[in-house]
Amino acid sequence: MATSTTGSTLLQPLSNAVRLPVDQVNFVVCQLFALLAAIWFRTYLHSSKTSPFIRHVVATLLGLYLALFCFGWYALHFVIQSGISYYIMIIIGVENMHKYCFVFALGYLTVCQITRVYIFDYGQYSADFSGPMMIITQKITSLAFEIHDGMFRKNEDLTPSQRCLAVRRMPSLLEYLSYNCNFMGILAGPLCSYKDYITFIEGRSYQLQQSEANGKEDTKYEQTDPSPNIAVAQKLLICGLSLLFHMTITKTLPVEYNIDDNFRATASWPVRFFYLYVSLMAARPKYYFAWTLADAINNAAGFGFRGYDKNGVTRWDLISNLRIQQIEFSTSFKMFLDNWNIQTALWLKRVCYERATFSPTIQTFILSAIWHGVYPGYYLTFLTGVLMTLAARAIRNNIRHYFVDSPAVKLCYDIVTWMATQAAISYTVVPFVLLSVKPSFTFYSSCYFCLHIASIVVLLVFPLKRTQKGSKKHESVQPAWPRKLEEESLLQKNHYSTTNNSFSQKQEITCRYQALKQ
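Within any chain, residue numbers begin from 1 and follow the written order of that chain's sequence. For a predicted model such as this one, the threshold for reporting local features is a pLDDT of at least 70, and the threshold for listing and counting side-chain atom pairs is 80 or more; totals across whole chains, interfaces and linings nevertheless cover every residue. Just so you know, side-chain values use all the structure's heavy atoms and leave hydrogens and water out.

- Under the annotation held in an unreviewed UniProt entry, the chain carries the name Membrane-bound O-acyltransferase domain-containing protein 2 and is attributed to Lonchura striata.

Have a look at this one:
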């Protein structure tokens, strides 16, 4: 089935030359343009040289232009979804608007995904307008919950992270559109909190980050404006290597070969599992490329500064979406998920997991599947992921402590768990790549549903830790978003109050440190 583009065909000659769909070429070229625009934005529209109003306007208009170039008039969906959500926020009121915004934004996204998948473009991995809408949906729902927390709920009823993310005044329409549709994140994200974005636009991030690093005000660093150039260069190098790997190696290791009749009939089990691992590993660099480039664009604009490490080295990973080394060397299912699509994991945690009244793990995986799209393979992957997560947690809780005393034994344990984790991850995500029910069940049946059965047996044999009532009721069952990550985020992120005279910078910093102590 030929892939048609909804955006500009200006780059069709380049598309023909590189033998890629024109919409994918549009995406890459627009992201490279956004990178140059980000450098210009940081240099000539720095917060010290121009007003937040101008920065908001320019960021929004550039973002909408890139969306229009890539997706044509389908880019109007971004404005429509954002505009209606803002209207809901205004007319419904802070008590219930988060529910209405959540249902509308996710419903609108789902309708668009159904239309694209089942009417226009089934099975195609070309760039499409529902991709940016997934990020906008995250932003709409996150901000709605943060406003609800900040303007309706009592401060003592909030968790530490909710308290510090809470937004305590309604954003203007321009601020709202700028947050949702700015040129740095319109095409590939990543998600960021509203407070982080407004802090960046208003130019307070560097001063606040230095104050947080010491836990007190430190005026000698107030004018410090650390350069992101080294971080951007490093991330562009990773992008180049990832793109090269994808263009040269990925195509020689198709995931579909795992269900090839001849391969299944002739290959031994070790060979099949080895090919399963390398084919799924080869499928990851395209995500490394897109997410790392998006991170570099934000950094080039001056957004993403996370403070300094203990050696005084700048950290530009405030909104980073992945950690490649930890992904490739994960020794647990949880460790993989902790470092893959990090901002989406935090979104799922904040809007679903920690607010769910029952079965938070299952609810979170279902929301993740709905958000990703309407391909049946997504649901098979996330339902399998529930089993794998629970089984992996049961094994870790019941046997890991036997292997940590001796360094040699611990090393052997890490090697075995790395192999098991890579096999489990690869086995789980095959339907995510194959998309459809029939090929997915062909794969699982050819493996005799071995890991599904093994997971069920593990859950029957090993007890899971019970959740405790009270403030810690979800702590022991949290699937993929650890307290360590959340605490690190609370410590380093540049949250500040958007209330006029409601919260001072010092109070927000104090809030963060109190949160860490709890």
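Read on for the rest.
**Quick look at the overall build of the chain**
Here is step 1: Helix numbers and strand numbers start at the N terminus; a helix is a DSSP run of H or I with at least 4 residues, a strand a run of E with at least 2. Secondary structure assignment for the chain yields 24 helices and zero strands.
Here is step 2: In the chain, buried positions account for 52% of the 518 residues.
Here is step 3: Note on contacts: a residue pair is in contact if any heavy atoms of the two residues lie within 4.5 Å. For the chain, restricting intrachain contacts to residue pairs at least 6 apart in sequence, the fraction spanning at least 24 positions comes to 73%.
Here is step 4: Using a 1.4 Å probe, accessible areas were evaluated by the Shrake-Rupley method; residue-level cover was limited to the displayed protein chains. In the structure as shown, the chain presents an accessible area of about 23400 Å², 64% of it carried by carbon and sulfur atoms. Burial here depends on accessible area, computed with a 1.4 Å probe over protein chains only, as a share of the maximum for the residue type. Under 20% is buried, over 50% is exposed, and the range in between is partly exposed.

**Structural notes on the UniProt feature "transmembrane region" (unreviewed entry) in the chain**
Here is step 1: UniProt positions are given in the numbering used here, feature names are shortened, and annotations may be inferred rather than shown by experiment. According to UniProt, the feature "transmembrane region" (unreviewed entry) maps to residues 25–45, 57–80, 377–395, 415–437 and 443–464 in the numbering used here.
Here is step 2: Structurally, residues 57–80 is divided into 83% helix and 0% strand, and its ends, taken at the C-alpha atoms, are 18 Å apart.

**Quick word on the nonpolar core**
Nonpolar side chains tend toward joint burial in soluble globular proteins.
Here is step 1: Take the buried Ala, Val, Leu, Ile, Met, Phe, Trp, Tyr and Cys residues and link them wherever side-chain atoms come within 4.5 Å; each set so joined is a nonpolar core. One finds Phe41, Phe78, Phe183, Ile186, Tyr197 and Phe200 to be the most contacted residues of the largest nonpolar core, which totals 74 residues.
Here is step 2: Val255, Trp291, Leu322 and Trp340 belong to the second largest nonpolar core, which has 21 residues in total.

**Here we look at unusual backbone geometry**
Here is step 1: The peptide bond linking Gly189 to Pro190 adopts the cis configuration, its omega dihedral lying at 0 degrees.
Here is step 2: Topologically, Pro190 is positioned in the loop between helix H8 (173–181) and helix H9 (194–202).
Here is step 3: Not every positive phi belongs to a glycine, and Arg19 is a case in point at roughly 60 degrees.
Here is step 4: Relative to the elements of secondary structure, Arg19 occurs in the loop between helix H1 (12–18) and helix H2 (22–44).

**Description of the confidence of the model for the chain**
Here is step 1: Confidence scores labelled pLDDT are given residue by residue by the predictor and lie between 0 and 100. Confidence in the prediction for the chain averages 86 pLDDT; 83% of positions are at 70 or higher.
Here is step 2: At the level of individual helices and strands, the chain shows its lowest average pLDDT in helix H24 (residues 505–517), which scores 41, and its highest in H8, which scores 98.
Here is step 3: Counted against residues more than four places away or in other chains, residues 215–222, with its pLDDT under 50, gives ten contacts.
Here is step 4: This model gives residues 491–518 a pLDDT under 50, and the stretch forms 83 contacts once residues within four places in sequence are excluded.

**Considering helix H20 (residues 407–434)**
Here is step 1: The end-to-end C-alpha distance of H20, which contains 28 residues, comes to 40 Å, matching closely the 40 Å that a straight helix rising 1.5 Å per residue would cover.
Here is step 2: Bend, at a single residue, is the angle you get between axes fitted to the 7 residues ending at that residue and the 7 residues starting at it. Roughly 30 degrees is the biggest bend found in H20, and it falls at Thr428, with proline Pro431 one to four residues downstream.
Here is step 3: At the exit of H20 stands Leu435, carrying a positive phi of roughly 75 degrees. To estimate the expected span of a helix, count its residues, drop one, and scale the result by 1.5 Å.

**Observations regarding the pattern of salt bridges**
Here is step 1: Salt-bridge detection follows one rule: a side-chain nitrogen of Lys or Arg within 4 Å of a carboxyl oxygen of Asp or Glu. As enumerated under the stated definition, the model contains twelve salt bridges in all.
Here is step 2: One salt bridge connects Arg355 with Asp149, and the closest N-O pair in it is separated by 2.7 Å. Here Asp149 lies in helix H6 (residues 130–151) and Arg355 lies in the loop between helix H17 (342–351) and helix H18 (360–372), a separation of 206 residues in the sequence.
Here is step 3: With relative accessibility at 1%, the residue Asp149 sits in the buried group.
Here is step 4: Look at the salt bridges and you will find they share partners, linking Asp149, Arg153 and Arg355 into a network.

**Considerations on empty space enclosed by the protein**
Over the atoms rolls a probe the size of a water molecule, and its path tells where empty space is left.
Here is step 1: Here a cavity denotes a set of grid points, spaced 1 Å apart and computed over the protein atoms alone, in which a 1.4 Å probe fits but from which it cannot get out, and a pocket denotes an open set meeting protein on both sides within 12 Å along at least five of seven lines; residues with an atom within 4 Å of a point are reported as lining. Grid points are joined across faces, edges and corners, and a volume is the space filled by probe spheres set on the points. As enumerated under the stated definition, the model contains three cavities of 30 Å³ or more in all.
Here is step 2: Within this model, the largest cavity holds a volume of roughly 120 Å³.
Here is step 3: In this structure, the largest cavity is lined by 15 residues; those nearest its centre are Ser142, Glu146, Leu165, Arg350 and Val351.
Here is step 4: Looking at the lining of the largest cavity element by element, the count peaks at four residues for H6.

**Some remarks on the packing of aromatic side chains**
Here is step 1: In this scheme Phe, Tyr and Trp rings, the latter by its six-membered ring, pair at centre separations within 6.5 Å, and the angle between planes marks the pair as stacked below 30 degrees, edge-to-face above 60, and tilted otherwise. In total, this model carries 37 aromatic pairs according to the counting rule given.
Here is step 2: When the ring of Phe71 is compared with that of Phe78, the centres are 5.9 Å apart and the planes differ by 80 degrees; the resulting orientation is edge-to-face.
Here is step 3: An aromatic cluster of three or more residues is present, and its members are Phe41, Tyr179, Phe183, Tyr194, Tyr197, Phe200 and Phe303.
Here is step 4: Seen from the ring of Tyr179, Lys139 lies directly overhead, with NZ or CZ sitting 5.3 Å from the centre.
Here is step 5: Whether a charge lies above a ring is judged from NZ of Lys or CZ of Arg, which has to be within 6 Å of the ring centre and within 35 degrees of the ring normal. Over the ring of Trp269 we find Arg272, and its NZ or CZ is 5.3 Å from the ring centre.

**Considerations on helix H11 (residues 229–248)**
Here is step 1: Look at H11: 28 Å from first C-alpha to last across 20 residues, which is about the 28 Å you get at 1.5 Å a residue.
Here is step 2: The complete set of buried residues in H11 reads Ala231, Val232, Lys235, Cys239 and Ser242. Relative to the axis of H11, the buried residues are bounded by an arc of 90 degrees and lie together on one face. Turned more than 90 degrees away from the buried face of H11 sit Ile230, Leu237, Leu241 and Leu244, all of them exposed. The arc in question is formed by the directions pointing from the helix axis toward the C-beta atoms.

**Quick word on the state of the cysteines**
Here is step 1: Disulfides are defined as cysteine sulfur pairs within 2.5 Å. All told, the structure shown has zero disulfides when counted by the stated rule.
Here is step 2: Free cysteine: Cys447, not disulfide-bonded; nearest cysteine sulfur from Cys450 at 5.2 Å.
Here is step 3: Of the residues examined, Cys450 reaches a relative accessible area of 25% and is grouped as partly exposed.

**Considerations on the environment of Trp316**
Here is step 1: As for its position among the elements, Trp316 is in the loop between helix H14 (285–300) and helix H15 (324–328).
Here is step 2: Separated by 17 residues in the primary sequence, Trp316 and Asn299 have C-alpha atoms spaced 6.8 Å apart.

**What about a nonpolar patch on the surface?**
Here is step 1: Taken together, the side chains of Leu68, Trp73, Leu76, Ile80 and Ile84 make up a nonpolar region of the molecular surface, amounting to roughly 490 Å² of accessible area.
Here is step 2: If one sorts the elements of the nonpolar patch by residue count, helix H4 (residues 76–92) sits on top with three residues.
Here is step 3: Mapped onto the elements, Leu68 comes out in helix H3 (residues 52–71). Every patch collects residues that have over 30% relative accessible area and no salt bridge, joining them within 9 Å if they carry like charges and within 5 Å if they are nonpolar side chains (Val, Leu, Ile, Met, Phe, Trp, Tyr).

**Looking at the packing of H3 against H8**
Here is step 1: Each axis is a line fitted through C-alpha atoms, and for a helix only the stretch in contact is used; angles between axes span 0 to 180 degrees, taken between their N-to-C directions. Contact geometry of H3 with H8 gives a least axis separation of 9 Å together with a crossing angle of 45 degrees. Considered as vectors, H3 and H8 are oriented oblique to each other. Crossing angle aside, the handedness with which H3 passes H8 is left-handed. From H3, Phe53, His56, Val57, Ala59, Thr60, Gly63 and Leu64 reach across to H8, where they touch Leu174, Glu175, Leu177, Ser178 and Cys181.
Here is step 2: For the contact of H3 with H8, a count of residues per class yields seven nonpolar, four polar and one charged. Here is the rule for angles: anything less than 35 degrees is roughly parallel, anything more than 145 is roughly antiparallel, 65 through 115 is roughly perpendicular, and the remaining ranges are oblique. We call a crossing left-handed when the near helix sits turned anticlockwise from the far one by less than a right angle, and right-handed when that turn is clockwise. Gly is put with the polar residues, along with every residue not named as nonpolar or charged; the nonpolar set is Ala, Val, Leu, Ile, Met, Phe, Trp, Tyr, Cys and Pro, and the charged set is Asp, Glu, Lys and Arg.

**What about the packing of H20 against helix H21 (residues 437–446)?**
Here is step 1: Remark: H20 packs on H21, axes separated minimally by 8 Å, with the N-to-C direction vectors making an angle of 155 degrees. By the criterion of interaxial angle, the relationship of H20 to H21 is roughly antiparallel. Crossing geometry of H20 relative to H21 is assigned as right-handed. Of the residues in H21, those in contact with Tyr427, Thr428, Val430, Pro431 and Leu434 of H20 are Pro439, Ser440, Phe443 and Tyr444.
Here is step 2: Of the residues contributing to the contact of H20 with H21, the split by class is seven nonpolar, two polar and no charged.

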